[in-house]
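Observations on chain architecture
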Amino acid sequence: MTKKQLRGPLLGLSFTEDSLHAVITRLDRAGQPEILKAVRTDLAHGLIGEHGILNFEVLTQVLRRFLTENTIEPLPTVVGLPSRTIFARQITIPPVLGDVRRAVIRGEIDHLSILPPGQGAFDYIPFEADDEGEAAGEPVFFFAAEHSVVAGFSALVQDVGLKIVGVEPSEYAAVRTIYPQTAVRPLALVISIGSSNTTLLFYRQGKPIYARRLDLGHSHLIVPEVLEEQQQSASTGMPTIHAPATPERQEVDHSSISDYAGPASFTEPFFDDVQEEQPDSPWDTNRLNDAEHARRMLVQEIGRSLDYFVREKRSDLAQLHTTLLPNHIDLAGMPVYTSALLEMDIEIGDSIAPATTAWLVPADRRPEFGLSFAPAFGLTLGHLGAGFER
């Protein structure tokens, strides 16, 4: 699946259950991404949930005020969905032509009863087969959301005057911000923490070969008092450079929203929530409100995924380059914490590295951008091209 690439300006809106981040990006004359603005606001509890928007009228008012206060003009917009609203699975299908593959995957989704028959919007990518090939067929990865979720967020941004050009899972868009560095590694692991889930993406020479999704995210890993304070606080913004008052409008070709527009742009990094059976797993959902316990459980599951990867993919852990994207300012210590428990080198993803310096980020605010704005920045990169569309 292909889409028309834009030069921008392009707006990325990343939603979670408790926050909204916006980044405006365009390509400079050299074809490199240039950040024009990055702003955020906290969202009150009860506006967004597992099945999408819970209070459409109030969220519309919040978004309209957010755009006005930050002088964000109507721009082509890519919407990032909260991780809790996404379903995903890696499956194996018979080798078929591209125009038939989608129908086969739709049949698998209906057969697995992940969503009500015919009620899910989805997209997919092929996974890189093992060296000896897939004897049983072709491995593909699909991700899906309820039609009501996609339609709800689409209607939201259109009601405030924005032109939607894509809808994607927010936490996976973040991976694009470091993909160029990942693609040159013989083996790489990217860990992206979302609002309710964490994604592990293993690559070989820039191509995905294994992925896993863990049911632990910001809502589990951050001390509840911190989240409470965020939800009670007023809107906050990063220092910004305003986009042009009358940005050049682009004629944008986009897929039908009813069939999940947007993640056609997602050609590489995805997750798989099918977990190996482990009867002795010490998961205790009643204790997930304990942030420290949740962090230790997350690291333990990352360790198990590494063991599986080394064993099943016959890979050398010493060659693996690991990057962690916390996607939240209050998880700045997670890379060091994870590295210490697993006794391996893990670096924090610097999502601002691909951008030019037109957006003058003060040194003391750069970490906040790198930790919190990666999903919104990544949403724009997928439609700007310049090597970031994977």
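The structure contained in this document is the topic of the report that follows. (Residues numbered from 1 in each chain as written. Predicted model: local features only at pLDDT ≥ 70, side-chain atom pairs only at ≥ 80, totals over all residues. Heavy atoms only, no water.)

Below, the discussion takes up the pattern of salt bridges. Counted under the stated rule, the structure contains ten salt bridges. For the salt bridge of Arg 101 with Glu 138, the shortest nitrogen-to-oxygen distance reads 3.2 Å. Of the two residues, Arg 101 is situated in helix H2 (residues 98–112) and Glu 138 in strand E9 (residues 138–146); the sequence distance between them amounts to 37 residues. Across the pair, exposure class does not vary: Arg 101 and Glu 138 are buried alike. Arg 102 is paired through a salt bridge with Asp 123; the nearest N and O atoms lie 3.8 Å apart. A residue pair is termed long-range when its members are at least 10 positions apart, and Arg 102 in helix H2 and Asp 123 in strand E8 (residues 120–126) qualify at 21 residues. (Salt bridge = Lys/Arg side-chain N within 4 Å of Asp/Glu carboxyl O. Helix = DSSP H or I, 4+ residues; strand = E, 2+ residues; numbered from the N terminus. Buried < 20%, exposed > 50% of the residue type's maximum accessible area, 1.4 Å probe, protein only.)

For the rest of this paragraph, the subject is the pairing of strand E13 (residues 207–214). With seven of its eight residues buried, E13 lies for the most part within the structure. Bridge count for strand E12 (residues 198–204) against E13 is seven bridges, and the pairing is antiparallel. Pairing of Leu 200 across the sheet is with Arg 212, part of E13. Here E12 hands over to E13 after two residues, with Gln 205 in that stretch at a positive phi of 50°. (Pairing = 2+ DSSP bridges.)

Take unusual backbone geometry next. For residues other than glycine, phi is negative in most cases, and the peptide bonds are mostly trans. Phi angles above zero are rare outside glycine, and Arg 314 is one such case at about 50°. Structurally, the position occupied by Arg 314 is in the loop between helix H8 (291–312) and strand E15 (320–325). For Arg 314, a relative accessible area of 55% corresponds to the exposed category. The phi dihedral of Glu 343 falls on the positive side, at around 55°, and the residue is not glycine. Tracing the backbone through its elements, the reader meets Glu 343 in the loop between helix H9 (334–342) and strand E16 (347–348).

A few words now on the sheet that holds E15. Across the sheet, which stays open at both edges, the five strands sit in the order E13-E12-E11-E15-E16 with mixed pairing between neighbours. The sheet is open, and its two borders are formed by E13 and E16, each paired with just one other strand. With respect to the sheet, H8 is in contact with strand E11 (187–193), E12, E13 and E15, its orientation differing from that of E13 by roughly 145°. Seen against the sheet, H9 touches E11, E15 and E16 and runs at an angle of roughly 140° to E15. (Contact = heavy atoms within 4.5 Å. Axes fitted to C-alpha atoms, helices over the stretch in contact; angles between N-to-C directions.)

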